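# Chain and residue survey
Here's the letter readout for the chains.
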Amino acid sequence: MNPFIELGIRHDIVNAITELGFETPTPIQEQAVPVLLAGSNDFVGLAQTGTGKTAAFGLPLLELLDFSQKHPQALILCPTRELCLQISKDIEKYAKNLPDVHVVAVYGGANISDQLRQIRRGVQIVVATPGRMLDIIGRKAIDFSNVRYVVLDEADEMLNMGFQEDINNILSTTPEEKKTWLFSATMPTEVRRIAKKYMTDPFELTMGTKNTGNANIEHHYYVVRARDKYPAFKRIVDSNPEIFGIVFCRTKIETQEIAEALIKDGYNADSLHGDLSQQQRDKVMKRYRERSLQLLIATDVAARGIDVNDVTHVINYSLPDELENYTHRSGRTARAGKTGISISLVNLKELGKIRQIEKGIGKPFVKMEVPKGEAVVEKQLFALINKVHDVAVNDDHIDRYLPQIMESFADLSKEEIIKRFTSLEFNRFLEYYQNAPDLNVDANEARGGERKGKADRFGRDSYRSDYTRLFINLGSVDDFSRGDILGYICNATQISGKAIGKIDLKGVYTFFEVENTSVDKVFSGFQNVDFNGRTVRVENAGEGHGEGRGEKRSRSFRHGGESGNGNRRKREHNGGGFRGGYSGKRREKSGW
Ligand code: AMP
């Protein structure tokens, strides 16, 4: 017998989930479904995303609700729009063969009138994010007086996002006697508190121990210097040619900068953060889901609720401040029974944090060595060979060109031809990694200052960059937008806008990139220039961009504080809100 039938799920639903590939229940389904089907208990399930918990509560709901009635009987609250859409779509799929099941997804950032119309037409299951739900309740557009089940999904996330009061208000409109089912990946005291507040004697189910991540995730860490972080990160990516990953940064700015640097370096990457409009976020997510993107660079908040299967790696470009966030981040991989790797890039000072996470998740981390250039090249080479071996050949189209192709290769042996095809792609990597230094911290220590000035604040290798990063003491407080300051610089220096790269507009100052060949023009253009009675100052902000401009470097500062000059400048800029960025001088905030 189908094991879902044994759990008490009817044939019509089992047929639908069989089509989705659900053959055997996941552990949480196996344990939660019989309890929830009884319909008489409050319930607390401690489970990661990716464990099959949507079906664990979705299937029992479909069994318990009366679909001949058209009023809301179940309310599912979840933290994000993505999750809201995911849950409602999943439940609709499970209910494919059932008549009269109506599910509505209620979330912010979308047209409210469509959602109101669906509610008016009659729905039994409401899946909602708290903010929009409260809005609709405020309009008296929904009646929850007959709600029998409330599901709080990713309860820890909802609390993290500050939805506590909204949840209180929403639940106050539902009947006392309803049953509440709470799911959470972690069980901080806040979640315990709401469990206590809303539930009587709940049935508790723990999949794994408290805060323990998915057993299918391996946790790796690499120790690198702050300035080597970006090249080390690229090496790790390059040595995993099939990577399909999510890269976590701590801030929106970092997210954007890493994504921009990667795109510039030819990677298939894009960023996901809170400053993007909903439309932009949807677009990025669509590309990622379709695998047109290989690397998604995200902040914790933006990545909440991301449910993409087959993510091979989660990379903590910066460690999160909270242990809970580490569990959430790493839980984006190894979903649906797959395996995955969670990588953390840390400096020596952050090793303590790794130990703390190990304790928290109850699993050891494995220390890894940043691959040497040669190893990366080898990985890429064999990935290429596999690709050539497995490529689908379109005989119909290629056949007619074959005689001519054969003729062109007539003078070459099989070995020669293979060598040449392989070299087409391979040369790029060979060239890039030729003489590439060892990026592991011990090796760095041994090398001393040898690499000083070889990388910018991303740790981006200068041999990849034709730009110099400059500082100017004008910024948004002077009413400049990025476009304005671009125009202003071009005007003052007579260089083309094309010669200017990334512009990082801050409050009282701005960093901007200029092609190395135009740097002199910028310096001379800004000699004796005033802006609103203030002398305009332009200085070199990078760490050794543009080799061979020794004379200019004497006026430069390094915000990593690596030279005396640098320390002086850094102090000045700290006062103006200078962000430590990648200098390794960032004040560590420890929430653990
Ligand atoms: P969830 O934890 O609900 O987000 O589910 C994670 C993924 O596992 C989703 O893609 C589900 O479609 C899939 N899934 C859930 N239950 C099963 C099952 N019993 N067998 C196979 N896949 C499942």
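Whatever comes next refers back to the structure up there.
Residues numbered from 1 in each chain as written. Predicted model: local features only at pLDDT ≥ 70, side-chain atom pairs only at ≥ 80, totals over all residues. Heavy atoms only, no water.

Right, let's talk about the site of the ligand for a bit. Looking at the ligand, there are 16 residues lining it, with Thr24, Gln29, Gly50, Gly52 and Thr54 nearest. Here a nitrogen atom of the ligand sits 2.9 Å away from a polar atom, N or O, in the main chain of threonine 24. One of the side-chain N or O atoms of threonine 54 is found 2.6 Å from an oxygen atom in the ligand. Burial of the ligand by the protein amounts to 82% of the accessible area it has alone, namely 490 Å². A breakdown of the residues in the shell around the ligand according to their chemical character gives four nonpolar, ten polar and two charged. (Near = heavy atom within 4 Å. Polar contact = N/O pair within 3.5 Å; in protein donor to acceptor, adjacent residues only side chain to side chain. Areas by Shrake-Rupley, 256 points an atom, 1.4 Å probe, with all protein chains shown as cover. Nonpolar A, V, L, I, M, F, W, Y, C, P; charged D, E, K, R; others polar.)

What follows deals with the pattern of salt bridges. One pass over the structure, following the stated rule, counts 26 salt bridges. Salt-bridge contacts for arginine 534 lead to aspartate 478; the nearest nitrogen and oxygen are separated by 3.1 Å. Of this pair, arginine 534 sits in strand S19 (residues 534-535) while aspartate 478 is found in the loop between strand S15 (467-472) and helix H22 (482-493), placing the two residues 56 residues apart along the sequence. Arginine 534 sits in the partly exposed class, given a relative accessible area of 35%. For aspartate 478, a relative accessible area of 15% gives the class buried. (Salt bridge = Lys/Arg side-chain N within 4 Å of Asp/Glu carboxyl O. Helix = DSSP H or I, 4+ residues; strand = E, 2+ residues; numbered from the N terminus. Buried < 20%, exposed > 50% of the residue type's maximum accessible area, 1.4 Å probe, protein only.)

This paragraph deals with the pairing of strand S10 (residues 269-272). Side-chain alternation along S10 places Ala269 and Ser271 on one buried face and Asp270 and Leu272 on a second face that is also buried. The pairing of S10 with strand S11 (residues 295-298) spans four bridges and is parallel. Pairing of serine 271 across the sheet is with isoleucine 297, part of S11. With helix H13 (residues 278-289) bridging S10 and its parallel neighbour S11, the resulting β-α-β unit is right-handed. (Pairing = 2+ DSSP bridges. Right-handed = clockwise from strand over helix to strand, strands pointing away.)

On inspection of all chains with the given rule, the structure shows 20 aromatic pairs. Relative to phenylalanine 183, the ring of phenylalanine 57 has its centre 5.3 Å away and its plane inclined at 50°; by these criteria the two rings are tilted. A residue pair is termed long-range when its members are at least 10 positions apart, and phenylalanine 57 in helix H4 (residues 53-64) and phenylalanine 183 in strand S6 (residues 179-184) qualify at 126 residues. According to the relative accessible area criterion, phenylalanine 57 is buried, its value standing at 0%. Centre to centre, the rings of phenylalanine 471 and tyrosine 509 are 5.6 Å apart; their planes meet at 35°, and the pair counts as tilted. Linking phenylalanine 471 in strand S15 with tyrosine 509 in the loop between strand S16 (500-505) and strand S17 (510-515), this pair joins segments that are 38 residues apart in sequence. This pair shows no difference in class: phenylalanine 471 is buried, exactly as tyrosine 509 is. The ring of phenylalanine 244 is capped by arginine 291, whose NZ or CZ atom sits 4.0 Å from the centre of that ring. (Phe/Tyr/Trp six-rings, centres within 6.5 Å; stacked < 30°, edge-to-face > 60°. Lys NZ or Arg CZ within 6 Å of the ring centre and 35° of its normal.)

Before going further, it helps to examine the sheet that holds strand S5 (residues 149-152). Judged by pairing direction, the sheet is parallel, and its seven strands sit side by side in the order S3-S4-S2-S5-S6-S1-S7 without closing on themselves. On the outer flanks of this sheet lie strand S3 (103-106) and strand S7 (203-206), each paired with one strand and no other. For this sheet the average axis-to-axis angle between neighbouring strands, irrespective of direction, equals 10°. (Axes fitted to C-alpha atoms, helices over the stretch in contact; angles between N-to-C directions.)

Ranked by size, the top nonpolar core spans 45 residues in total, and within it Phe57, Leu62, Ile76, Ile125 and Trp181 carry the most contacts. The dominant element in this core, judged by the number of residues it contributes, is H4, at seven residues. (Core = buried A, V, L, I, M, F, W, Y, C linked by side-chain atoms within 4.5 Å.)

Let us look at the environment of glutamate 260. Mapped onto the elements, glutamate 260 comes out in helix H12 (residues 252-264). For the pair formed by glutamate 260 and lysine 502, sequence separation is 242 residues and the distance between their alpha carbons is 8.8 Å.

With that out of the way, let us pick up unusual backbone geometry. Positive phi, close to 40°, is recorded for aspartate 201, a residue that is not glycine. Along the chain, aspartate 201 falls in the loop between helix H10 (189-198) and S7. In this structure, asparagine 532 takes a positive phi of about 50° despite not being glycine.

With that settled, the discussion passes to the packing of helix H7 (residues 130-138) against helix H9 (residues 164-171). Direction vectors running N to C along H7 and H9 enclose 40°, while the axes themselves pass 9 Å from each other. The orientation of H7 relative to H9 falls into the category oblique. With respect to the hand of their crossing, H7 and H9 are arranged in left-handed fashion. Here Pro130, Gly131, Met133, Leu134 and Ile137 of H7 come into contact with H9, specifically with Asp166, Ile167, Asn169 and Ile170. Classifying every residue of the contact of H7 with H9 gives six nonpolar, two polar and one charged. (Parallel < 35°, antiparallel > 145°, perpendicular 65-115°, else oblique. Left-handed = near helix turned anticlockwise from the far one by under 90°. Contact = heavy atoms within 4.5 Å.)

Moving on, we get to the packing of H4 against helix H5 (residues 81-94). Interhelical geometry of H4 versus H5 gives an angle of 50° and a closest axis separation of 10 Å. If you check the angle between H4 and H5, you find them oblique. Of the two possible hands of crossing, H4 and H5 adopt the one that is right-handed. Here Thr54, Ala55, Phe57, Gly58, Leu59 and Leu62 of H4 come into contact with H5, specifically with Ile87, Asp90, Ile91 and Tyr94. A breakdown of the residues in the contact of H4 with H5 according to their chemical character gives seven nonpolar, two polar and one charged.

Taken in spatial order, the seven strands of this open sheet run S10-S11-S9-S12-S13-S8-S14, and their pairing is parallel. The strands lining the two open edges of the sheet, one partner per strand, are S10 and strand S14 (366-368). Neighbour-to-neighbour, the strand axes of this sheet turn through a mean angle of 25°, independent of strand direction. As defined by bridge partners, strand S9 (residues 245-248) adjoins S11 across four bridges and the pair is classed as parallel. The residue of S11 that forms the bridge with phenylalanine 248 is alanine 298. The strands touched by H12 within the sheet are S10 and S11, with S10 carrying the most contacts at an inclination of about 165°. Helix-sheet contacts for H13 involve S9, S10 and S11, and the interaxial angle to S10 is about 140°.

On to the layout of surface pockets, then. Gaps left between atoms are located by rolling a probe of water-molecule size over the structure's atoms. By volume, the largest pocket is sized at about 990 Å³. Forming the walls of the largest pocket are 37 residues, and the residues nearest its centre are Gln86, Asp90, Asp307, Asn309 and Arg335. At the level of secondary structure, the elements contributing two or more residues to the lining of the largest pocket comprise H4, H5 and H13. By residue class, the composition of the lining of the largest pocket is ten nonpolar, twelve polar and 15 charged. If you add up the space inside the second largest pocket, you get close to 680 Å³. Looking at the second largest pocket, it is lined by 18 residues, and the ones nearest its centre are Val388, Val391, Ile417, Ile418 and Phe421. Where the lining of the second largest pocket is concerned, the elements lending two or more residues are helix H17 (373-390), helix H19 (402-408) and helix H20 (414-433). Among the elements that take part in the lining of the second largest pocket, H20 stands out by supplying seven residues, more than any other. (1 Å grid on protein atoms, 1.4 Å probe; cavity = no way out; pocket = protein on both sides within 12 Å on 5 of 7 lines; lining within 4 Å. Points joined across faces, edges and corners; volume = space filled by probe spheres on them.)

Don't take any of this as a statement about function, it's just geometry.
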